[in-house]
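Listed below, chain by chain, are the residues.
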Amino acid sequence: MTQLHRVTVLAGGVGGARFTRGLLALLADAHPGADVTVVVNTGDDMWLNGLRVCPDLDTVMYTLGGGINEEQGWGRPDETRRTSAEIAAYGKGWDWFTLGDLDLATHIVRTELLRNGATLGEATEFLSGRWQPGARLLPMSDQPVETHVRLRDAADEHEAGSLIHFEEWWVRYRAGVPATEFVQVGLESASAAPGVLEAIGDADLVVIPPSNPVVSIGTILNVPGIGDAVRETSARVVGISPIIGGAAVRGMADACLTVIGVETGAAAVGLHYGARSGGGLLDGWLVAEEDADAVSQLTDAGLVARAVPLWMRDVPATAAMAEAAISLVSPPSR
Ligand code: FO1
């Protein structure tokens, strides 16, 4: 296998972070010296209690930096909620959204940096200085591009047809309130963050991990220039299915796929991203063993496809997935 030198990952929250952890373990062993850049979704970001909260950037940073709450997949372990309880006592904030005391420190420091003129990318670099994630973390954009959700029906104080922040739909309603569209607020005046387009264009390999294909990967790809950069890069592009056995592994990816009219299936998501030979994003697509019957449909569409174990039960299992992804699209070693 040819040595990799520059790998770029597009990541959302938990799935993307966990996969990247396994990828880093594999690269350290099989491709020493390879540099990894993670382009992270910022569509979940919000202003809350005067603080800029960046759920996916923090999930990737904590996961790769060893500070993640492993059971939850987000936030810090051994958390307390004394401050958020006091905020709720004032009737402020979102009482259904947990801002733990330890996690709050990240939002406080980030907000201080932003108020002092730092870009989100600069603030992320500063925070990463403490956590040492072992990869460069880049926000997809330095400008805010929040994902909002249009409700089909009324819910609590929200009228039918109104827009609510994605996190409210995701956490308060567990994606259980029917939605008709996702709106990326600010997209038209956003640009890719410095370094993002180069990281995609100069990579040997671009990876689309098992993040939410709609509100994480789709959000990143919609930032002006990023989708085209993936389609045009000389890098090989490989994706890993977030759907196993026809069901979303995490979160409510199926609810998001329904909103955009894509079936919840390993083949459907791979075809949604599309084969580069057909103007799409992917050279290769890994599906789970449970979905081995999808391989022929994918190869018919011009993708290289393979069925392997896709449960990220631990770092070695995830590293094996990363190895399968890399070898799926690697040119035969001479
Ligand atoms: N997810 C929840 O299900 N409940 C929460 O209260 C919650 C709080 C939270 C705070 C900070 C943070 O970085 C993430 C948080 N998440 C919470 C997870 C978050 O909704 C998801 O990680 C992403 O937005 C979707 O990938």
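Cut-off values and rules
- Residues numbered from 1 in each chain as written.
- Predicted model: local features only at pLDDT ≥ 70, side-chain atom pairs only at ≥ 80, totals over all residues.
- Heavy atoms only, no water.
- Pairing = 2+ DSSP bridges.
- Helix = DSSP H or I, 4+ residues; strand = E, 2+ residues; numbered from the N terminus.
- Axes fitted to C-alpha atoms, helices over the stretch in contact; angles between N-to-C directions.
- Parallel < 35°, antiparallel > 145°, perpendicular 65-115°, else oblique.
- Left-handed = near helix turned anticlockwise from the far one by under 90°.
- Contact = heavy atoms within 4.5 Å.
- Nonpolar A, V, L, I, M, F, W, Y, C, P; charged D, E, K, R; others polar.
- Core = buried A, V, L, I, M, F, W, Y, C linked by side-chain atoms within 4.5 Å.
- Buried < 20%, exposed > 50% of the residue type's maximum accessible area, 1.4 Å probe, protein only.
- Domains from an automatic or database assignment.
- Polar contact = N/O pair within 3.5 Å; in protein donor to acceptor, adjacent residues only side chain to side chain.
- Buried area = accessible area lost by both parts, 1.4 Å probe.
- Salt bridge = Lys/Arg side-chain N within 4 Å of Asp/Glu carboxyl O.

**Details of the sheet that holds strand S7 (residues 163-165)**
Pairing between the strands of a sheet comes from backbone hydrogen bonds, and it takes one of two forms, parallel or antiparallel.
Phase 1 of the analysis: Reading across the sheet, the three strands line up as S7-S6-S8 and stay open at both edges, with antiparallel pairing between neighbours. Two strands lie at the open edges of the sheet, namely S7 and strand S8 (179-185), each paired on one side alone. Each adjacent strand pair in this sheet contributes to an overall mean axis angle of 35°, direction not counted.
Phase 2 of the analysis: Bridging between strand S6 (residues 146-151) and S7 involves three bridges; their strand directions are antiparallel. Bridge pairing links Val149 to Ile164 in S7.

**Comments concerning the packing of helix H2 (residues 55-65) against helix H4 (residues 101-115)**
Phase 1 of the analysis: The interhelical angle for the contact between H2 and H4, taken along N-to-C directions, is 120°, at an axis separation of 12 Å. What the angle tells us is that H2 and H4 run oblique. Remark: the crossing between H2 and H4 carries right-handed chirality. Of H4, the residues touching H2 (which contributes Asp58, Met61 and Tyr62) are Asp103, Thr106, His107 and Arg110.
Phase 2 of the analysis: Residues belonging to the contact of H2 with H4 are distributed by class as follows: two nonpolar, two polar and three charged.

**A closer look at the nonpolar core**
Phase 1 of the analysis: Counting 67 residues, the largest nonpolar core has Leu10, Trp169 and Ile226 as its most contacted members.
Phase 2 of the analysis: Residues lining this core come from more than one domain, with at least three contributed by each of domain 1 (6-142 + 189-329) and domain 2 (146-185).

**Thoughts on the environment of Ser216**
Phase 1 of the analysis: In this fold, Ser216 is placed in helix H8 (residues 213-222).
Phase 2 of the analysis: Owing to a relative accessible area of 6%, Ser216 belongs among the buried residues under this scheme.
Phase 3 of the analysis: For Ser216 and Ala253, which are 37 residues apart along the polypeptide, the C-alpha to C-alpha distance reads 9.8 Å.

**Notes on the side chain of His165**
Phase 1 of the analysis: Examined against the element boundaries, His165 turns out to sit in strand S7.
Phase 2 of the analysis: A relative accessible area of 8% places His165 in the buried class.
Phase 3 of the analysis: Among the polar contacts made by the side chain of His165, one reaches the main-chain amide nitrogen of Glu167 at a distance of 2.9 Å.

**A word on the domain arrangement of the protein chain**
Phase 1 of the analysis: Parsing the protein chain into structural domains produces domain 1 (6-142 + 189-329) and domain 2 (146-185).
Phase 2 of the analysis: One C-alpha centre belongs to domain 1, the other to domain 2, and the line joining them spans 22 Å.
Phase 3 of the analysis: Here domain 1 and domain 2 share an interface that buries about 1500 Å² over both sides, 67% of which is from carbon and sulfur atoms.
Phase 4 of the analysis: Among the residues of domain 1 in contact with domain 2, Trp96, Met252 and Val259 are the three that bury the most area, contributing 40% of the side total.
Phase 5 of the analysis: Seen at the junction of domain 1 and domain 2, the total is one salt bridge.
Phase 6 of the analysis: For the side of domain 1 that touches domain 2, the secondary-structure elements that each account for two or more residues are strand S3 (46-48), H8 and helix H10 (253-259).
Phase 7 of the analysis: With five residues, the single largest contributor to the side of domain 1 that touches domain 2 is H8.

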